[in-house]
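Listed below are the residues making up each chain.
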Amino acid sequence: MTATITADMEFDADTRNARQATPLRVLFVHNRYQIPGGEDAAVEREIATLRATGVDVEAVILDNSAIQTSFDRLRVAVQTPHAPQGIATVVEAAHRFRPDVVHVHNTFPLISPAVHGAVRELGAATVQTLHNFRLMCANGLLLREGSPCERCVSGSPFQSVRFGCYRGSKVGTLAVARMIDHHRRAGTWLRDVDRFIVLSDFARARFLAAGLPAARLTIKPNGIDDPGPVATGERSGILFVGRLSEEKGVRVLAEAAALVSQPITVIGDGPLMPELENVTGLRVLGQQNREAVRAAMSRAAAVVVPSICYEGLPTVIPEAFAAGTPVVASRIGAMPELINEGVTGLLAEPGDAASLAAALHRIHDDPAQARRMGIAARSVFERTWVNDIVTAQTLAIYREAIASRAADQTFQASA
């Protein structure tokens, strides 16, 4: 929901002390994408699981579908570094709700990283989940022309304008580069965020290279709902679930489809959907609801993740593991961390259709091994991604953020 104002009040130390025995209060902040994806689902799931544990949660959710006209796009581009309207909405909600923690997810483009400083002035601790690399990369993927690119990790973000890294638009890229540069120079990430949540060791290393403070970077995966007992029937076919776009490697998947004899089912939507619908060997179903996706995963011999970009933590991997389904993925980014080669799945060289096809052949040719990998994958899910385990980690991070904010307030009061 979008929070509204019913009172104009800041929360001081006396108010906070009087509430020590009350439930933790957390305000979520998220800018939803036009095409729903794993990040949006992760936010919804985290809100639900925290509420189930007794945490008092409210949320300010803005939606990019509000950007309709050319004027809207121009206004957003100009305001991207500060996004005053979005920040005002969050501040109003914080005044009313008086959170202990403001947990920020995506801020682009309607909210902006400046939200951290705005709510921190009210006394709240701030936490930022880094789902992608937007704070240092215009397209958020560290990807250029189909290959990994780290030019802007420690260098000037304005290098991206030359290549039109944001949606192929130099004007749009300039707007994003201005935002990145402004908050890097202003010290937003060093001063205004009490704790960062990253999804993998790989991502943590990239953010350390970008200058974020190591002491505030904590690795925590997204939690996943347990779908229940794993199906015991026969499995067949390969399943892809995700956005149908270049960085997800769907063109590589289309090439591999011509090299394998087993059917490949594709669930999802995106700009490359019309192109994929005509590929022999692919059965394109379009967007499906969660129940349909789970059912498809429980029937598949393997789930394929052929991305050519640095994935943070593709939700489809823990979802496949939860269903007892092994994963065939690209050897890039965090995915070698997530998949134990030959134990919970297989790895292929990114962008290499022949390598991907060879891995898919191994699934088809040895169903007994595929089944063993699925059982091992389910075990990893139960140890790593079950909501109760991940929620306990989230609450620990909130406690650290609150303690850090209190220490800062004490130092400022004594200075």
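Please refer to the structure higher up on the page.
Cut-offs and rules
- Residues numbered from 1 in each chain as written.
- Predicted model: local features only at pLDDT ≥ 70, side-chain atom pairs only at ≥ 80, totals over all residues.
- Heavy atoms only, no water.
- Axes fitted to C-alpha atoms, helices over the stretch in contact; angles between N-to-C directions.
- Helix = DSSP H or I, 4+ residues; strand = E, 2+ residues; numbered from the N terminus.
- Parallel < 35°, antiparallel > 145°, perpendicular 65-115°, else oblique.
- Contact = heavy atoms within 4.5 Å.
- Buried < 20%, exposed > 50% of the residue type's maximum accessible area, 1.4 Å probe, protein only.
- Polar contact = N/O pair within 3.5 Å; in protein donor to acceptor, adjacent residues only side chain to side chain.
- Phe/Tyr/Trp six-rings, centres within 6.5 Å; stacked < 30°, edge-to-face > 60°.
- Lys NZ or Arg CZ within 6 Å of the ring centre and 35° of its normal.

Between helix α16 (residues 353-365) and helix α17 (residues 367-384), whose axes approach to 5 Å, the crossing angle comes to 100°. With respect to α17, the axis of α16 lies roughly perpendicular. Between α16 and α17, the contacting residues are R362, I363, H364 and D365 on the first element and P367, Q369, A370 and M373 on the second.

Here E247 shows up in the loop between β9 (238-241) and α11 (250-257). Given the relative accessible area of 16%, E247 is considered buried. Along the backbone, E247 and C309 are 62 residues apart, and their C-alpha atoms lie at a distance of 5.5 Å. Beyond its immediate stretch of four places on either side in the chain, E247 contacts L141, L143, S307, I308 and C309. Among the polar contacts made by the side chain of E247, one reaches the side chain of S245 at a distance of 2.8 Å.

Looking now at the side chain of N106. Following the sequence through the fold, N106 ends up in the loop between β3 (101-104) and α5 (115-120). With a relative accessible area of 6%, N106 lands in the buried category. A distance of 3.5 Å separates a polar atom in the side chain of N106 from a polar atom in the side chain of Y33.

As a further point, take the packing of aromatic side chains. Going through the model one piece at a time under the given rule, you end up with 6 aromatic pairs. Taken together, F133, F202, F207 and Y310 form an aromatic cluster joined through their ring pairs. Above the ring of F97, the side-chain terminus of R25 is found at 4.4 Å from the ring centroid. If you follow R144 out to its NZ or CZ, it ends over the ring of F163, 3.9 Å from the centre.

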